[in-house]
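Here are the chains, one letter per residue:
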Amino acid sequence: MEQNAMLKQMEKFPEVFQKVEKPLFEKAENILPQGQLETLGMVYLVGSGDSYNAAVTSAYAFEKYTKLPTVAIPALTAARYLSDTLTKERAAQTLIVIISNSGEAARSAEAARMLKKAGCIVLALTDRPDSKVGRVSDYIFSMEIPVLDKPEIPLPGVYGYEVQVVSLYWMAIEFAYKLKRLSAEEKNSLQEEFSEFPGMFRDAFLSGKKDLQIFAKLCRLCGRMEVIGGGPLRGAGDFGVSKILEANGMPAYSQDMEEFAHQTFFSEDPDRLPTVLLICSKGRCKDRSLEILQVLRHLGRPVLVMTDDSFLLPKDYDGMVVSLSKPVSETLASFLYAGLLSCMTAMIPHRVGDTYMHGHTGPFSEEGLPTVKGSRICIEEEEVPKY
């Protein structure tokens with residue numbers, strides 16, 4: 001298949017990781033003072049759009065390693081609802097990580113202000129420290145998103161999510177080490193596994209390229225698709241679906257593995273609903289994933305399995321597969337699958353005359369609309385509607 005601008009961008013996904021890996025790890029080592037870290041009793045990872053997807057992808061690793069209760073929460077919920085429920089005592093022990101590349105997203109800026117006012121410790125994870133989010137935060141993790149070849153046309157963003165996930169993962173490992181919940185040996189082992197990302201991504205893409213192309217054509221033919229994942233894999237599914245909507249505008253669904261059985265199991269014309277199933281051999285949902293695969297085959301859905309161990313699959317499964325070269329942790333699998341889903345997205349043909357994000361023209365022009373940055377920011381409790 002002829003390359004396009006988005007696929008060329010995805011080819012540099014591993015290069016971005018190599019550029020940011022070491023600098024971000026060094027920053028993570030000094031982001032919070034030891035005394036402040038030891039006061040923490042709760043962590044919220046807050047974002048919207050791709051930033052929220054990064055939070056969902058990373059929350060399990062954050063809690064698993066630090067042993068601090070960690071919740072990924074949308075910026076609107078954080079700003080309007082969480083800020084209304086915290087006692088002063090609880091707020092003083094709560095770390096709010098506001099994830100925003102620009103630092104200018106209205107709800108993220110609002111969440112930073114409202115939660116800072118509530119007494120929380122606010123840390124901005126941003127590419128722009130001198131932004132609405134950065135200026136109100138107690139601490140700033142400045143993550144510089146590399147600028148490689150500038151595309152001729154606007155493309156769905158992928159590098160920002162990548163840098164956010166790496167930053168959150170490094171932060172989780174460093175916090176856990178300083179809290180003595182990871183040994184130096186365990187810390188190094190986790191860092192080394194994540195450092196294998198570039199090679200594993202390239203190998204999986206090359207070995208699975210044919211099936212990715214076939215599945216991409218099916219998505220366009222059927223005009224819809226679904227991704228199913230559980231735990232941190234759900235974050236990869238959410239991100240992948242976001243890219244499909246931005247790149248092509250076709251109906252796409254990201255479904256929790258268990259909720260699938262209650263909801264989209266009943267979708268009509270299952271033979272015309274291409275579905276990606278995310279499976280990790282070290283994941284806590286592995287057994288449920290294989291049960292869902294049985295259900296999808298019964299429904300007659302076209303299935304693409306992404307896995308880190310193809311030997312897990314039933315011997316009679318002859319469907320599409322993209323497999324990593326070896327079993328990995330659930331967090332690394334999620335990160336890799338998010339990238340591979342973006343590669344598949346780049347292969348879905350556009351409708352004739354269309355382009356990425358519909359060129360931000362016609363009804364899709366956001367000029368003057370209260371969408372992401374144009375929405376009014378409520379900075380005082382009195383400004384939040386009450387009924």
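Above this text you will find the structure in question.
Below is a summary of the structure that appears in this document.

What counts, and at which threshold
- All chains use their own residue numbering, which begins from 1 and follows the written sequence.
- Whole-chain, interface and lining totals are the exception, using all residues; otherwise, since this is a predicted model, local features are given only for residues with pLDDT of at least 70 and side-chain atom pairs are given and counted only at 80 or more.
- Only heavy atoms go into the side-chain values, all of them from the structure, while hydrogens and water stay out.
- The numbering of helices and of strands both runs from the N terminus, where a helix is a DSSP run of H or I of at least 4 residues and a strand a run of E of at least 2.
- Radius of gyration: over C-alpha atoms. The globule rule applied is 2.2 Å multiplied by the number of residues raised to the 0.38 power.
- Summary of the burial criterion: residues with accessible area below 20% of their type's maximum are buried, those above 50% are exposed, and those between are partly exposed, where the area comes from a 1.4 Å probe applied to protein chains only.
- By definition, residues are in contact when any of their heavy atoms lie within 4.5 Å.
- Per-residue accessibility takes into account occlusion by the displayed protein chains alone, with areas from the Shrake-Rupley method and a 1.4 Å probe.
- Charged residues are defined here as Lys and Arg on the positive side and Asp and Glu on the negative side; His and the ends of the chain fall outside this count.
- Just so you know, the charge point we use is NZ for Lys, CZ for Arg, CG for Asp and CD for Glu.
- Note that patches include only residues with greater than 30% relative accessible area and no salt bridge, and the join distances are 9 Å for like charges and 5 Å for nonpolar side chains (Val, Leu, Ile, Met, Phe, Trp, Tyr).
- What makes a salt bridge here is a side-chain nitrogen of Lys or Arg within 4 Å of a carboxyl oxygen of Asp or Glu, nothing more.
- To get an axis, a line is fitted to the C-alpha atoms, and for a helix only the part in contact is used. The angle between two axes follows their N-to-C directions and goes from 0 to 180 degrees.
- Comment on the angle field: the value is read as roughly parallel under 35 degrees, roughly antiparallel over 145, roughly perpendicular from 65 to 115, and oblique elsewhere.
- Here is the rule for handedness: rotate from the far helix to the near one, and if that takes an anticlockwise turn smaller than a right angle the crossing is left-handed, while a clockwise turn gives right-handed.
- In this context, the arc is that of the directions from the helix axis out to the C-beta atoms.
- Note: two strands are recorded as paired if DSSP finds a minimum of 2 bridges between them.
- What is meant by a nonpolar core is a set of buried Ala, Val, Leu, Ile, Met, Phe, Trp, Tyr and Cys residues, joined one to another through side-chain atoms within 4.5 Å.
- The aromatic pairing rule takes the rings of Phe, Tyr and Trp, using the six-membered ring of Trp, and pairs them if the centres are within 6.5 Å, calling planes under 30 degrees apart stacked, those over 60 edge-to-face and the rest tilted.

The next subject is the overall build of the protein chain. Looking only at helices and strands, one finds 15 helices and 10 strands in the protein chain. Computed over C-alpha atoms, the radius of gyration of the protein chain comes to 21 Å, within 12% of the 21 Å expected from 2.2 N^0.38 for 387 residues, which places it in the range of a compact globule. When burial is assessed residue by residue, the protein chain has 55% of its 387 residues classed as buried. Pairs at least 24 residues apart make up 78% of the contacts formed inside the protein chain by residues separated by at least 6 positions. As displayed, the protein chain has an accessible area near 17,000 Å², and 51% of this comes from carbon and sulfur atoms. Distance from the positive charge centre (43 side chains) to the negative charge centre (51 side chains) of the protein chain: 2 Å.

Turning our attention to a positive patch on the surface. There is a patch of like positive charges on the surface, built from Lys64, Lys67, Arg181 and Arg284. With respect to the element layout, Arg181 can be found in the loop between α9 (159–178) and α10 (184–194). Look at Arg181 and you get partly exposed, because its relative accessible area is 37%.

What follows is about the packing of helix α4 (residues 50–66) against α9. The N-to-C vectors of α4 and α9 enclose an angle of 20°; their axes lie 9 Å apart at closest approach. As far as their axial angle goes, α9 and α4 are roughly parallel. Regarding α4 and α9, the two cross each other, and that crossing is right-handed. Side by side, α4 and α9 meet where Asp50, Ser51, Asn53, Ala54, Ala55, Thr57, Ser58, Ala61, Phe62, Tyr65 and Thr66 of the first sit next to Tyr161, Gln164, Val165, Leu168, Tyr169, Met171, Ala172, Ile173, Phe175 and Ala176 of the second.

Listing the buried residues of α10 in full gives Lys187, Leu190, Glu193 and Phe194. For α10, the buried positions fall inside an angular range of 130° around the axis, keeping them on one side. Opposite its buried face, α10 presents the exposed residues Glu185 and Glu192, each directed more than 90 degrees away. Packed against the buried residues of α10 are α2 (13–28), α4, α9, α11 (197–222) and α15 (330–347).

Spatial ordering of the open sheet is given by β2-β1-β3-β4-β5, a layout of five strands whose pairing is parallel. Among the strands making up the open sheet, the edge pair consists of β2 (70–74) and β5 (139–142). Strand-to-strand twist of the sheet, defined as the mean angle between neighbouring strand axes without regard to direction, takes the value 20°. Here α4 sits on the sheet and contacts β1 (42–47), β2 and β3 (94–99); the angle it forms with β2, its principal contact strand, is near 170°.

The sheet built from five strands is open, its strands ordered β7-β6-β8-β9-β10 with parallel pairing. The open sheet terminates on both sides in strands that have one partner only, identified here as β7 (252–256) and β10 (320–323). Sheet twist, expressed as the average angle between the axes of neighbouring strands with direction ignored, equals 20°. Of the strands in this sheet, β6 (225–229), β7 and β8 (275–278) touch helix α12 (residues 232–248), which is tilted by about 170° from β7.

Among the nonpolar cores identified, the biggest contains 96 residues, and Met306, Phe335 and Met344 are the most heavily contacted of them. Once you skip the residues sitting within four places of it in the chain, Met306 turns out to touch Leu212, Val276, Leu277, Leu278, Ile279, Val322, Tyr337, Leu340 and Leu341. Formed by 23 residues, the second largest nonpolar core is a distinct cluster that contains Tyr44, Ile73, Leu82 and Cys120.

Along the polypeptide, Tyr44 turns up in strand β1. With 168 residues separating them along the chain, Tyr44 and Leu212 place their C-alpha atoms 35 Å apart.

Moving on to unusual backbone geometry. Notably, Lys180 is not glycine yet its phi reads approximately 65°, a positive angle. Within the element layout of this structure, Lys180 appears in the loop between α9 and α10. Phi angles above zero are rare outside glycine, and Asp269 is one such case at about 50°. Structurally, Asp269 is set in the loop between α13 (257–260) and β8.

All right, on to the packing of aromatic side chains then. Taken as a whole, this structure holds 18 aromatic pairs when the rule is applied. When the ring of Phe13 is compared with that of Phe197, the centres are 5.8 Å apart and the planes differ by 65°; the resulting orientation is edge-to-face. One end of the pair, Phe13, is in helix α2; the other, Phe197, is in helix α11, with 184 residues separating them in the sequence. The pair Phe13 / Phe197 is uniform in exposure class, with both members buried. Both rings, one in Phe62 and one in Phe175, keep their centres 5.9 Å apart while their planes meet at 85°; by these two values the pair is edge-to-face. Here the residue Phe62 occupies a position in helix α4, and Phe175 occupies one in helix α9, the gap between them amounting to 113 residues.

Turning our attention to the pairing of β3. With six of its six residues buried, β3 lies for the most part within the structure. Residues of β3 alternate between two faces, with Thr94, Ile96 and Ile98 on one and Leu95, Val97 and Ile99 on the opposite face, all of them buried. Bridge count for β1 against β3 is five bridges, and the pairing is parallel. Within β3, the position partnered with Leu45 by the bridge is Val97. When β3 meets strand β4 (residues 121–126), the two strands line up parallel, connected through five bridges. Looking at β4, one finds that Ile96 is bridged to Val122.

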